[in-house]
Amino acid sequence: MSSQREKRRGLQTTRKIGELIMEHFSKAWDVKAQGKPVAWITVFTPVELLYAMDIYPVAPEHFGAMCSARGFIMEFLEEAEKSGYSQSLCSYSRCGLGYAISGMKGLMPPPDFLVTFRNSCDVYVKWWQSLSMHLGTPLFVGEAPYVLAREDLDNYVLDYVVKQLEQLVKIAEEKFGLKFDMERLVSTVKLSDKASELWLETLKLRRIKPCPLGGRDSASDIFPLVVMQGTNEDVKFYEELLGEVKEKVDKREGIIENERFRLLFDGIWLWYAFDLIKYFEDRGAVFVYEPYSEAWACRLDASKPLESIARKILSMGLNVDIDLRIERFLESIKEFQIDGAVLFSNRSCKSWSAPQLVTADILSKEFNVPYLIFEADMADPRQYAEAQIKNRIVAFLEVLGES
Amino acid sequence: MYAGIDAGASATKAVIVNKDSEIVSYSIVPSGINFKVSSREALKKALTTSNLSLEDIAYTVSTGYGRTLVNAKATSSEITCISRGIHKLFPSARTIIDVGGQDSKAIRIDENGRVLDFAMNDKCAAGTGRFLEVMSNLLGKPIKELSTLHFKSSKPVKISSTCTVFAESEAISYISQGSAIEDVIAGLHEAIAERIYNMSSRIGFEENVAFTGGVVKNKGFSDALGKKIGLTPILPEEPQIICAFGAALAAIKKHKESVGNSS
């Protein structure tokens with residue numbers, strides 16, 4: 001029993017994430033103290049380009065997830081709601097706005113620059129505009145047209161985003177007296193590509209039975225991909241992680257002891273209810289694939305740095321046609337030998353949840369894969385009905401056990 | 001003898017069955033705020049009715065929201081228990097709609113009673129017994145009278161809000177505008193029926209369709225739901241105990257397994 005508990009704690013490398021997060025934020029304060037600019041970015045904004053220009057990126061979305069996981073998000077949600085932001089707005093945006101309005105006295109330093117691309121979400125634009133309004137900080141809003149077909153990643157749509165990146169460089173140079181250096185960009189792009197390659201290789205190992213990396217690890221391990229892409233620490237983390245996972249595979253050691261069900265999880269994790277993953281694992285169910293974990297990895301071509309960054313912005317999972325998303329979703333069923341799918345319909349992220357009913361229908365009718373859908377919010381604990389959700393999980397696992 | 005206890009959000013049900021899966025006795029008591037107390041009481045009541053004592057029970061399985069608080073050897077989900085219970089009584093049933101105090105569920109089962117798919121209402125009281133309790137308090141009519149009043153209605157009002165709180169003010173405004181109380185009640189029944197219909201449509205209505213749960217004892221409501229779906233449902237004699245009955249059937253199975261394992 002004690003050895004089982006030991007194993008369930010997850011991977012050793014994952015435990016370093018907490019420290020990496022603290023370092024990331026404390027470095028942001030240091031950078032600011034040195035008079036260099038800190039940018040608040042929405043995720044899937046090109047951090048490689050920012051690092052190359054000595055602009056330090058922090059992501060309020062990541063900050064929101066962290067506040068929720070550590071149990072102090074309510075303070076910021078309430079602050080935003082008091083100022084008139086509706087409870088039906090995305091909880092990350094409410095957290096970020098509440099933090100800004102309440103004076104930014106926490107881990108995340110005030111921004112010198114607000115940068116967003118409207119690629120994964122429409123709220124970004126209004127959220128960033130509101131931040132700029134509250135804080136008076138310079139704002140850059142990039143537009144990423146919706147990718148309807150793969151060709152869009154090579155045609156005028158791509159050129160359009162490249163031009164915007166050039167414009168972003170120009171604005172940053174003028175505003176902060178910085179000098180863009182293509183060689184530095186090439187080097188951050190190389191590092192970013194390496195980290196993505198390592199992460200994708202790690203995820204592939206989850207095809208193996210028993211699965212060497214579970215949901216609790218994958219949910220934490222994505223952090224460096226969010227805001228550290230293009231740094232040495234990023235690559236170092238994923239090298240170490242891959243090493244540990246490979247060791248587990250060699251020893252044929254699963255992340256849980258008795259793997260009965262291999263599950264897919266669709267959606268962003270419920271950060272305040274991380275224990276839910278353990279609830280599954282205690283019942284022999286392990287998460288082996290999440291579109292969300294995979295979404296963070298994007299291979300880049302260092303010989304065409306700006307184009308590949310533009311392609312990354314455009315091809316972000318939520319910016320592509322729903323059919324393309326569903327296609328990948330269904331491919332994973334065989335690839336990862338999935339027994340059942342858990343679809344988390346997220347009140348805060350409609351763009352993520354939108355295709356779930358269609359996907360569920362295909363899963364059950366064409367693939368005969370049972371699924372579970374439940375509704376909650378990724379960061380706002382008030383939208384969570386624990387007993388009801390656990391009730392469904394038990395019923396779902398009973399269905400899997402019978403089939 | 002075997003016992004199944006369903007510790008539900010508003011009522012706790014106990015069913016005792018013999019080794020041939022026949023119901024020997026049952027009881028329904030309010031859950032109150034303590035499932036330990038209500039489950040003990042429910043079981044005691046069922047035992048008394050059938051002149052049995054606790055020693056006669058070889059195995060107990062609990063289900064429902066309070067299942068982990070009940071003194072039982074094993075637990076099972078309501079979805080599995082309801083399916084098992086209905087399949088035993090009505091083998092032709094392929095779809096089950098259960099409307100309880102705190103949630104409603106739609107379950108699709110195969111010819112062996114195996115669960116194929118299910119849907120449940122989300123964190124919201126509309127479409128559950130709680131909604132009707134709120135409305136019956138508001139209108140000053142006991143739950144038991146709602147059905148009689150329903151059938152007196154000639155012109156049900158249209159309640160458009162799906163939220164219990166908003167529907168309450170809608171009902172108040174109908175009353176103040178002079179609508180007959182029976183029309184408001186029928187309108188409320190139709191509103192819940194519509195909500196449950198929408199939720200269940202995802203899994204479909206393969207026949208036969210059975211209704212279970214405490215709320216379908218309200219004939220006015222089950223009539224509205226049947227009409228909304230467009231079919232005549234199977235209605236068990238006591239729809240509220242099906243889940244506990246399924247748990248008792250699970251107790252027989254588990255007991256057999258445990259005896260088999262130890263021998």
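## Some thoughts on the overall build of chain A
In terms of helices and strands, chain A carries 19 helices and eight strands. Taking 22 Å as the expected radius of gyration for a compact globule of 403 residues, we find that chain A reaches 21 Å, a close match to that expectation. Reported as C-alpha extents along the three principal axes, the dimensions of chain A are approximately 65 × 50 × 40 Å. Considering chain A as a whole, with its 403 residues, one finds that 50% of them fall into the buried category.

## Quick look at the domain arrangement of chain A
All names here are of chain A. Looking at chain A, the domain boundaries give domain 1 (15-180) and domain 2 (184-402). Taking only C-alpha atoms, the centre of domain 1 and the centre of domain 2 are 23 Å apart. Listed by partner, the interface residues are 42 residues for domain 1 and 40 residues for domain 2. Elements that contribute at least two residues to the side of domain 1 that touches domain 2 include exactly helix 2 (17-33), helix 3 (47-52), strand 2 (56-58), helix 4 (60-69), helix 6 (91-101) and helix 8 (156-176).

## What to know about the packing of helix 4 of chain A against helix 6 of chain A
All names here are of chain A. Two elements in contact, helix 4 and helix 6, have axes whose closest approach is 9 Å; the angle formed by their N-to-C orientations is 95°. If you check the angle between helix 4 and helix 6, you find them roughly perpendicular. Between helix 4 and helix 6, the contacting residues are Pro60, Glu61, Phe63, Gly64 and Cys67 on the first element and Ser91, Tyr92, Cys95 and Gly96 on the second. Here the contact of helix 4 with helix 6 is built from residues that sort into five nonpolar, three polar and one charged.

## What about the interface of chain B and chain A?
Where the parts come together, the accessible area they lose is often given as the size of the interface. Taken residue by residue, the interface counts twelve residues in chain B and twelve residues in chain A. Where the side of chain B that touches chain A is concerned, the elements lending two or more residues are helix 2 (78-89) and strand 8 (115-120) of chain B. By residue number, the principal contributor to the side of chain B that touches chain A is strand 8 of chain B, which donates four residues. Here the residues of the side of chain B that touches chain A sort into five nonpolar, two polar and five charged.

## As for the domain arrangement of chain B
Residue and element names in this part refer to chain B. According to the domain assignment, chain B contains domain 1 (1-90 + 239-263) and domain 2 (92-235). Listed per partner, the contact involves 16 residues of domain 1 and 24 residues of domain 2. Examining the composition of the side of domain 1 that touches domain 2, we find that seven residues originate from one element, helix 2, more than from any other. Residues belonging to the side of domain 1 that touches domain 2 are distributed by class as follows: nine nonpolar, six polar and one charged.

## Remarks on the environment of Ala376(A)
Residues and elements named next belong to chain A. Relative to the helices and strands, Ala376 is located in strand 8 (residues 371-376). The spacing of Ala376 and Ile389 is 13 residues in sequence and 9.1 Å in space, taken between C-alpha atoms. Discounting chain neighbours no more than four positions away, the residues touching Ala376 are Leu270, Phe344, Gln383, Tyr384 and Ile389.

## So, the confidence of the model for chain B
Residue and element names in this part refer to chain B. Residues at a pLDDT of 70 or more form 97% of chain B, whose mean pLDDT is 92. Per-element confidence in chain B is highest for strand 9 (residues 209-212), whose mean pLDDT is 98, and lowest for helix 5 (residues 164-176), whose mean pLDDT is 86. Scoring of the predicted complex yields 0.86 for pTM and 0.75 for ipTM.

## Let's talk about the pairing of strand 9 of chain B
Residues and elements named next belong to chain B. Neither face of strand 9 is exposed, since Val209 and Phe211 on one face and Ala210 and Thr212 on the opposite face are all buried. With four bridges joining them, strand 6 (residues 95-99) and strand 9 adopt parallel strand pairing. Bridge pairing links Ile97 to Phe211 in strand 9.

## Quick look at the sheet that holds strand 9 of chain B
Residues and elements named next belong to chain B. Taken together, four strands build an open sheet; the order of strands is 8-7-6-9 and the sheet is mixed. Whereas interior strands pair on both sides, the edge strands pair on one side only; in this sheet they are strand 8 and strand 9. With direction set aside, neighbouring strand axes in the sheet form an average angle of 15°. Sheet topology note: the strand 7 (residues 104-109)/strand 8 ladder contains five bridges and is antiparallel.

## Re the nonpolar core
Core analysis: the largest hydrophobic core is formed by 202 residues, its most contacted members being Leu263(A), Ile5(B), Val15(B), Ala244(B) and Ala248(B). The element contributing the most residues to this core is helix 8 (residues 242-262) of chain B, with ten residues. Contacts of Leu263(A), omitting those with residues within four sequence positions, involve Phe280(A), Ala285(A), Val286(A), Phe287(A), Val288(A), Ile338(A), Asp339(A), Gly340(A), Ala341(A) and Val342(A).

## Considerations on helix 15 (residues 305-315) of chain A
For helix 15 of chain A, the tally of buried residues reaches nine of eleven residues, placing the bulk of the element in the interior. Considered for burial, the residues of helix 15 of chain A that qualify are Pro305(A), Ser308(A), Ile309(A), Ala310(A), Arg311(A), Lys312(A), Ile313(A), Leu314(A) and Ser315(A).

How each quantity is defined
Residues numbered from 1 in each chain as written. Chains lettered and ligands numbered in written order. Predicted model: local features only at pLDDT ≥ 70, side-chain atom pairs only at ≥ 80, totals over all residues. Helix = DSSP H or I, 4+ residues; strand = E, 2+ residues; numbered from the N terminus. Rg over C-alpha atoms; globule rule 2.2 N^0.38 Å. Buried ≥ 20, exposed ≤ 12 C-beta atoms within 10 Å, placed from the backbone. Domains from an automatic or database assignment. Contact = placed C-beta atoms within 7 Å. Axes fitted to C-alpha atoms, helices over the stretch in contact; angles between N-to-C directions. Parallel < 35°, antiparallel > 145°, perpendicular 65-115°, else oblique. Nonpolar A, V, L, I, M, F, W, Y, C, P; charged D, E, K, R; others polar. pLDDT = per-residue confidence, 0-100. Pairing = 2+ DSSP bridges. Core = buried A, V, L, I, M, F, W, Y, C linked by C-beta atoms within 7 Å.

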